[in-house]
Structure formats: C-alpha cells, structure tokens
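# Summary of the model geometry
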Amino acid sequence: MSLKVDFLGMELKTPFLVGSGPWLGEGSRIVQMIPKLAENWGGVVTKTYIKDFNIRWNPHLWSTRKYRGIGMQNAGPKLTDPTSEELEGLRKSCSMAHDEGLIVIGSIMGRWVSEWGELVTMMQESGVDAIELNLSCPARIDAFKDHKTGYIIGQNADLAAEAVHAAKQAASVPVIPKLTSNVTSVVEIAGACQQAGADALSAINTVPGIIGIDVETGIPLSSDVNDRAWVSGVSGPMIKPIGLRIVSELSREIDLPILGIGGIDGWESAAEYIMVGASAVQVCTAFMWKGYPLGEAMCKGLQGYLAHKGYEKVSDFQGSSLKYFSDSLESCSALAVIDEDRCNGCGECETACTDSSYGAISIEAERAVVDERSCVGCGLCRTICRREAIRYVAV
Ligand SMILES: Cc1cc2nc3c(=O)[nH]c(=O)nc-3n(C[C@H](O)[C@H](O)[C@H](O)COP(=O)(O)O)c2cc1C
C-alpha cells in the first residue's frame, strides 16, 4: 500500500500539498518548513509573486464566533514582490525540497500579458518543479481592474488563454492555471486554458464573500485596524461544497490532471476531492489552523482508508464518484425508515416535517413513526436527525 501519487510525471510522496498561503512569501520561510513537511507532505506551493506590489493590510484574516474553524476570510493581496533575496531563499528551498523528495510549485500573477513570461522565467530559475498561474485572486482592488489581473482574468476565457499562452512560451516546466469558482462556466475557462497549453489545473481559490457583520457596531468583521473592509476571499471547510462541485465538473469535461483545493481539513475531505477526480490536493486554511501535525493525521487516516477498502494505491479510487453524477433527472419515490434502536424520540424531525413539509412524522412511545401515506421521502428528516436514525428506501 502506498500514498505515492503521480502528478504530471512527478512522484509525490503523498497526495497532500501545502497550498499557496501567507507563510510562503519568503523563500527563507520555506527553508524552515521543508524539514517539517518532509515526512507527510508531497510538496508546497509558494505565495503568489507579483511585481511591484507589496501592500499589507492588517489584520487581514478573520473568522466568526459562530463558524470558527469552518470558514475564514482573507483580504488579499498580501502578495510578494520577488526581491532577489526572496528568490535566493526560494532557490535554497527548492534544492532542500528536492533533497527531501518534495516538489515546489511557484505561484505567480502577471499584471499584463508580457509580465507572465517574465515571472515564469524568474521563477523557474529558482528551480521550481511547476508554475501555478494565479488567475483567481479574489481581492476587489482598483489595481487589479486597471491591469486586468487577479480574478478578472479567471472570469474571462480570452484573458485566461492569453495569460496561459504567454506563460507557456517562457516555461520549461509544467504550467498550472489556478481557477476561480466565481464564474458561470468553469469548463469554458478551463477549456480555454487547455487550448492555450495548460498542463494541469488547480481549483479552487478562495470564494469572494463577506464573512459577517458585527451587529453591535455595524462594522464588517472583515475590516482592518482602521475599520475599512473589503470583499475578499472566504476559505476553509465552508467552501468545500463549491470546490468539490468545480473539481467534479472539470474532471468530467476536461482531460487534464487536477489539484483539488478548498476546505480540506483532514484525510476524508482529501479523499472526497480524489473521488471526484483530483490527482492530489492542496491544503491552506486547515494547515494554518493545525500546523504540521495535520499532515501526519492525514497520512495515517488515508493509509487506514486504503487498508480498509483494500486499495493498493490512491489512484485506485480516483474519480470513483463521478459515475454517480447525472445531468438528466429521473423520477423515483422513496420512504423514510426509522431505526428504532437509534431514535430517542427527540421530536426534531417531527417539528421539521410537520411545520414545513408533509406532516408525515409523529412521536409515539418515544420513537419517531412515519406515516407511509404522507411521506414523500424528501430527505428533510435525515438532515436534522443527530443520531443518524433515518434512512430511505425505494418504493
Ligand atoms: C491567508 C491566505 C493567503 C492566501 N494566499 C494565496 C496566494 O497568494 N495565492 C493563491 O493562489 N492562493 C492563495 N490563497 C488561497 C489558497 O491557496 C486556497 O486556494 C484557498 O484558501 C482554499 O483552500 P483552503 O480552504 O484549504 O484554504 C490564500 C488563502 C489564505 C487563507
């Protein structure tokens, strides 16, 4: 049994990469991280490098009391202008990473077409194994609009293709556009990238959002020390459903390897991304919260899963869920069935079904009872049951 995966002909020790995040701006930070990542991770993606741009807003990370550990908002761009010191650090990092069997993916963002090529040239001189094109930075700032960069590129097939083409002209290593979910058709954008020569895809970046408002003061939670707020990117487990949807669409329609990203916080969510077709995954927010031990827990968990399912390798279950997705709906009827040993008669399903739906559940002798004539098998009662006491059968 092995956690090794093949990605673009490179062997990753495990399918887990540390995604582009705040820590990887300086090559020297990666140097410190490499030995600690060596055992359980397959590699790292650098912070996005962009020329002549080094704005810092602080604080730029927020969560809410209610959703702590579920979502986080990040006001980019804390992007890094590639100084020669940083590039030197990156060079060292790449060399150390390679000694440890890790890969390094360099992330870049050009502000106009010719800059993509310049950044590729600079980045690949550091020894990175591949280049990720950040076509999806969610920050809503004038500088991006003026230059047509960030998410603006990722929302326009022609601009995306132009950026990929320019990067490919300069690249001797694989080029991986990183896509935004904030589009009408991710397949259209990905198709344009593929035509322009993309070697693989990364998806998704953070999702533009507003994580909350302080109702006492009216100040958005996502504001800096001067109470100025931005619409920026939400990350963490809250966005996993969006990431899974995007990766599944890409897997079904585009024939390129995919790095799945968005809300991965353990081996199970990583496995979910692999089941919808990802070759490997990137983890950002959960790594920020849990640090190096997360990798160990993910490796142990995935090993256990392979053993339990009788798989030899991770690719044995890659894409295994795709066959269940259908574009055409067919009618079917179902009925809720209560597991009496699990049900404790709490009545939450009764309230939900009676007040908002079909009035098909009542509590009798401290157990939920389903009226077969009224139940349509809609699924609501199962969403509310905390004891997993409800299943559905076809009728
Ligand atoms: C603080 C922070 C900084 C980030 N910086 C970058 C970046 O520079 N470039 C990039 O492509 N993505 C960046 N991301 C996005 C992540 O790489 C990832 O796509 C996104 O957060 C979703 O994954 P997650 O839920 O595992 O965090 C950043 C995310 C966070 C939270």
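Residues numbered from 1 in each chain as written. Predicted model: local features only at pLDDT ≥ 70, side-chain atom pairs only at ≥ 80, totals over all residues. Heavy atoms only, no water.

### Comments concerning empty space enclosed by the protein
The test is simple: A pocket, in this scheme, is an open set of points on a 1 Å grid over the protein atoms alone with protein on both sides within 12 Å along at least 5 of 7 lines, while a cavity is a set where a 1.4 Å probe fits but cannot get out; residues line either one if an atom lies within 4 Å of a point. Grid points are joined across faces, edges and corners, and a volume is the space filled by probe spheres set on the points. Residues are sorted three ways: Asp, Glu, Lys and Arg are charged, Ala, Val, Leu, Ile, Met, Phe, Trp, Tyr, Cys and Pro are nonpolar, and all the rest, Gly among them, are polar.
Applying the stated criterion to the full structure yields 2 cavities of 30 Å³ or more. Counted as a void, the second largest cavity has a volume near 100 Å³. Contributing to the lining of the second largest cavity are 15 residues, with Cys353, Ala360, Cys375, Cys378 and Cys381 lying nearest its centre. Residues of the lining of the second largest cavity, tallied by class, amount to 12 nonpolar, 3 polar and no charged.

### A closer look at the layout of surface pockets
Put simply, the largest pocket is a space of about 190 Å³. Looking at the largest pocket, the residues that line it are Trp62, Ser63, Thr64, Arg65, Arg68, Ile213, Asp214, Val215 and Leu221. Here the residues of the lining of the largest pocket sort into 4 nonpolar, 2 polar and 3 charged.

### Comments concerning a nonpolar patch on the surface
Counted only if it meets this: Think of a patch as exposed residues, more than 30% relative accessible area, with no salt bridge, where like charges cluster within 9 Å and nonpolar side chains (Val, Leu, Ile, Met, Phe, Trp, Tyr) cluster within 5 Å. Every accessible area reported is derived by Shrake-Rupley at a probe size of 1.4 Å, with residue values counting cover from the shown protein chains alone. By convention in these notes, a salt bridge is any Lys or Arg side-chain nitrogen within 4 Å of a carboxyl oxygen on Asp or Glu. Going along the chain from the N terminus, every DSSP run of H or I of four or more residues is numbered as a helix, and every run of E of two or more is numbered as a strand. Whether a residue is buried, partly exposed or exposed follows from its accessible area with a 1.4 Å probe, protein chains only, as a fraction of its type maximum: under 20%, in between, or over 50%, in that order.
A surface patch of nonpolar side chains, amounting to about 240 Å² of accessible area, comprises Tyr67, Ile70 and Met238. Within the secondary structure layout, tyrosine 67 lies in the loop between strand E5 (61–62) and strand E6 (72–74). Judged by relative accessible area, which is 36%, tyrosine 67 ranks as partly exposed.

### Topic: the sheet that holds strand E3 (residues 16–18)
Spelled out, the test is: Strands were regarded as paired on the criterion that DSSP finds at least two bridges between them. All axes here are fitted lines through C-alpha atoms, helices being fitted over the stretch that makes contact, and every angle between N-to-C directions spans 0 to 180 degrees.
Pairing is parallel in the closed barrel, where 8 strands are placed in the order E3-E4-E7-E8-E9-E10-E13-E14. The average angle at which neighbouring strand axes cross in this sheet is 25 degrees, direction not considered. Where strand E13 (residues 258–261) lies against strand E14 (residues 280–283), 3 bridges are found, and the strand directions are parallel. Across the sheet, the residue bridging to isoleucine 261 is glutamine 282, located in E14.

### Considerations on the site of the ligand
As a reminder of what qualifies: It suffices for a single heavy atom of a residue to lie within 4 Å of a molecule or strand for the residue to be listed as near it. As used in this structure description, the phrase polar contact means that two N or O atoms lie within 3.5 Å; if the pair is within protein, one of them must be able to donate a hydrogen and the other to accept it, and residues adjacent in sequence are counted only when both atoms belong to side chains.
Inspection of the region around the ligand gives 24 residues, with Ser20, Lys47, Thr48, Gly263 and Thr285 positioned closest. In the model, an oxygen atom of the ligand is placed 2.6 Å from a nitrogen or oxygen of the serine 20 main chain. Burial of the ligand by the surrounding chains reaches 97%, relative to a free accessible area of 610 Å². Of all the secondary-structure elements, those providing two or more residues to the shell around the ligand are strand E4 (43–49), E6 and helix H10 (285–290). The class makeup of the residues in the shell around the ligand is 10 nonpolar, 12 polar and 2 charged.

### Structural notes on the packing of aromatic side chains
Worth spelling out the cut-off: Centres within 6.5 Å are what make two rings of Phe, Tyr or Trp a pair, Trp counting through its six-membered ring; a difference in plane orientation under 30 degrees is then read as stacked, over 60 as edge-to-face, and the rest as tilted.
Inspection of every chain in the model, using the stated rule, returns 6 aromatic pairs. For the ring pair tryptophan 41 and phenylalanine 287, a centre distance of 5.5 Å and an interplane angle of 85 degrees mean the geometry is edge-to-face. Here phenylalanine 287 lies in helix H10 and tryptophan 41 lies in the loop between helix H1 (27–37) and E4, a separation of 246 residues in the sequence. Of the two residues examined, tryptophan 41 and phenylalanine 287, each falls in the buried class. Aromatic pair tyrosine 305 and phenylalanine 317: ring centres 5.3 Å apart, planes at 85 degrees, arrangement edge-to-face. Of the two residues, tyrosine 305 sits in helix H11 (residues 293–309) while phenylalanine 317 sits in the loop between H11 and strand E15 (334–338), which places them 12 residues apart along the sequence. As far as the burial class goes, tyrosine 305 and phenylalanine 317 line up, both buried.

### Here's the deal with the environment of cysteine 375
So the rule is basically this: Contacts between residues were defined by any pair of non-hydrogen atoms, one from each residue, lying within 4.5 Å.
Inspection of the secondary structure puts cysteine 375 in the loop between strand E17 (367–370) and helix H13 (380–384). With relative accessibility at 15%, the residue cysteine 375 sits in the buried group. Separated by 42 residues in sequence, cysteine 375 and serine 333 place their C-alpha atoms 9.9 Å apart. Beyond its immediate stretch of four places on either side in the chain, cysteine 375 contacts Ala334, Leu335, Ala336, Ala360 and Val370.

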